[in-house]
Amino acid sequence: MSSKFKKSNKWSVFNRASVFALLFLLLTAYCLPLTVSAHEGEDHSEAKPTTTTTTNATTAAATIARAERNIESEAGNFNFKLERFPADPRTGELVQIALRLAEKVEGGFGANEPVNIEDAAVSLNVTNAAGAVVAENIPATFENGFYKADYEFSGTGNYKFVFNVTTKDNRQVSADFPVSVTSAPIRWTFWLGVLLLGILSFGTVGLVFYKVRNDQNRQRKLKRVAPLAALAMIFFAFGTFALAYIAPPHQTRVLGAFNPTGESGNIETGNPNLISNLTIPKESQILFGIKTEPLETRNITAGLKTTGTVKAKPDAQAIVTPPVAGRIVLNAGITLGSAVGRGERIGYVEQVLDVSGQVGLESQRLEVEAQQREIEARRLEIKNSVLQLQAQQADQRSKANQARTQLAQAEREQRRAENLVEVNAVPRKRLEEAITAVKVAEQEVAGAEKQVALLDNQIKQTNAGQNIFRSPKVNQPNKIFPLTAPVTGIISNIKATSGQQIEAGTEIASIVNLNTVLIEAQIFERDLPAVRDSTRASFTNAALSGEVYTVGTPDGDGRIVSVGQTVDPNTRTVSVIYEVKNPLNRLRDGMFVEMTIDTTGDREILAVPKQSVVTEQGQTFVFVFDGGEIFEKRAVALGTEGADYYEVKTGLKAGERVVTEGIYQLRSTQPKA
């Protein structure tokens, strides 16, 4: 029995190994035709620009991307023409780049045509979208009119090729070209094969260990089946390696030879205004910061162009002058640009007398001193009179107190007499005498109080007479006169310093308020009919960072004030004055601005923003968003120029969306093949 069992067990192991070998042969037979077809009919004698598919390659053909740059700098006027193969690079693929470099020499030979540069030192840097360097100083070799280089991307994302050029005469120029890198598509055949190998290998190992888990001779049987488990694992490893060789995890392309042509790549279409189509992935649109705006009809401020001068309003500027001659003292912190309020004190003038004035002042002082002595004597006399009256008043108060005491005693006697008369203890005459004594005491009290009041009134009058005599004042040699701001505003000029001696009426400082300013434009008399009925205008200036401000519109910044009534005999111009709000004080007194006075009336026209219009090599075009990932580079004909819009004559329709931001990146992108 034991020998039979051993024979049966060995036979089972042999059968399983045979099954594994058979499956492996079947899998190899399945993949072999793919390997064979990779080389059937392929001509290796000549490289082709499009790719031929193999087991390792997809059926998609790789195309060439083209882009062009015109760089004007102090070094010269250069033209960069780039060709990149493939146009849609993937990670792990070698991107081949060819650059044709030319320079346009003004007045040079060949009617100003660009002259190819073949002796420059060219290197390539690769950066990400944020500008961080990924690879640098990749040499570019010159071959057949092109500077060629290649680079393999290891990650996806948006990058830039930056070419640094040093000409033979040591002039340096650089240009960058954006590129988007995607990952290679996943090959599901490889992963399904790995899954099948895993099920066969690990399933067999698990089944073997499951069969012997409860056997009494478990350890001995495990030793017998261990080679089978090892064979299964070797089969899995070898099969995975074979799959990776035959059908890699990611689809790759076999790229043919790259032969740059130097063409621009523009395409012909049925639309006469269409220059080219561009395909920009959504991710790149977000990265480039592309923004669009629908076209619509609108009123634009266009017409007569002129210049204007910013002026402060007459009631918003003032000068500070001293009322008298003297020494000026300004408050601490008062300087150019200081903000002051109306009536705020900014300093003072200290008046100082000369010698003759001081002599007259001394004689006046002596006279005043004599008057003061006389006044002091009179005050002393009054003071003595007041003391006498106060003594008499004290005496009368003492008498009034005695009279009140006598009155109280007389009233007690009267009450006692009344009680005794009621009981007939004393005669009635006694009561009458008591009543008489009370009346006499009351009269004495009233008389004494009246005297006290009269004396108090005399004391008050005497003291009041003393206040009439005031000491005369002597004019001081120095007198202070305050300096105040006539208007609210900013100190624009200071013409005196603290401690300086100045005359009366001399300008010390000037104050101006520029919250609201006037803009005076000069127009020729022949343009009066067009301007007379116009209430709208716009203006800008280099100091306003390109911002355009409107006047006379519902959301504008000001209004027209007047049209001049006289013509300047020298320039034959008339003044047109506008009042403009200036809350940030960006407009300064005396500044020149570029004015556009509207003469179009209420006519609504199809208008495109100025920032959307590109002029290149004498051609005017815009980028139109055609939905999804498609952009059209379209030629346009423009009409009236407004402050921030152009009138569109041909090439665009209302409702179409034009690109307003991210135009630089679109100009750098190769048109759709």
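Preceding this section is the structure that the text describes.
Predicted, not measured: the structure shown is a model, and the values here were computed from it.

Considering the pattern of salt bridges
Working step 1: One pass over the structure, following the stated rule, counts 17 salt bridges.
Working step 2: Here Arg298 ties to Glu296 by a salt bridge, and the two come within 2.8 Å at their closest N and O atoms.
Working step 3: A residue is classified by how much of its surface remains accessible, and Glu296, at 39% relative accessible area, is partly exposed.
Working step 4: Within the structure, one salt-bridge network assembled from shared partners comprises Glu103, Asp169 and Arg171.

Quick word on unusual backbone geometry
Working step 1: Pro86 follows Phe85 through a cis peptide bond whose omega is 5°.
Working step 2: In this fold, Pro86 is placed in the loop between β2 (76-85) and β3 (94-104).
Working step 3: Its identity is not glycine, yet Asn170 carries a phi of approximately 65°, on the positive side.
Working step 4: Relative to the helices and strands, Asn170 resides in the loop between β9 (157-166) and β10 (172-181).
Working step 5: By relative accessible area, which is 65% here, Asn170 ends up exposed.

Some details on a nonpolar patch on the surface
Working step 1: Together, Ile186, Trp188, Trp191, Leu192, Leu195 and Ile199 make up a nonpolar patch on the protein surface, roughly 700 Å² of accessible area in all.
Working step 2: Mapped onto the secondary structure, Ile199 falls in helix α2 (residues 188-211).

Digging into the environment of Arg572
Working step 1: In this structure, Arg572 sits in the loop between β26 (558-563) and β27 (573-581).
Working step 2: Sequence separation of Arg572 and Ile523 is 49 residues, and the distance between their C-alpha atoms is 8.4 Å.
Working step 3: Setting aside residues no more than four positions away along its own chain, Arg572 makes contact with Ile523, Phe524, Glu525 and Val567.
Working step 4: Here the side chain of Arg572 touches Glu525 through a polar contact of 3.1 Å, side chain to side chain.

Rules behind the numbers
- Residues numbered from 1 in each chain as written.
- Predicted model: local features only at pLDDT ≥ 70, side-chain atom pairs only at ≥ 80, totals over all residues.
- Heavy atoms only, no water.
- Salt bridge = Lys/Arg side-chain N within 4 Å of Asp/Glu carboxyl O.
- Buried < 20%, exposed > 50% of the residue type's maximum accessible area, 1.4 Å probe, protein only.
- Helix = DSSP H or I, 4+ residues; strand = E, 2+ residues; numbered from the N terminus.
- Patch = residues over 30% accessible without salt bridge, like charges linked within 9 Å, V, L, I, M, F, W, Y side chains within 5 Å.
- Areas by Shrake-Rupley, 256 points an atom, 1.4 Å probe, with all protein chains shown as cover.
- Contact = heavy atoms within 4.5 Å.
- Polar contact = N/O pair within 3.5 Å; in protein donor to acceptor, adjacent residues only side chain to side chain.

These results come straight from atomic positions and should not be treated as a statement about function.
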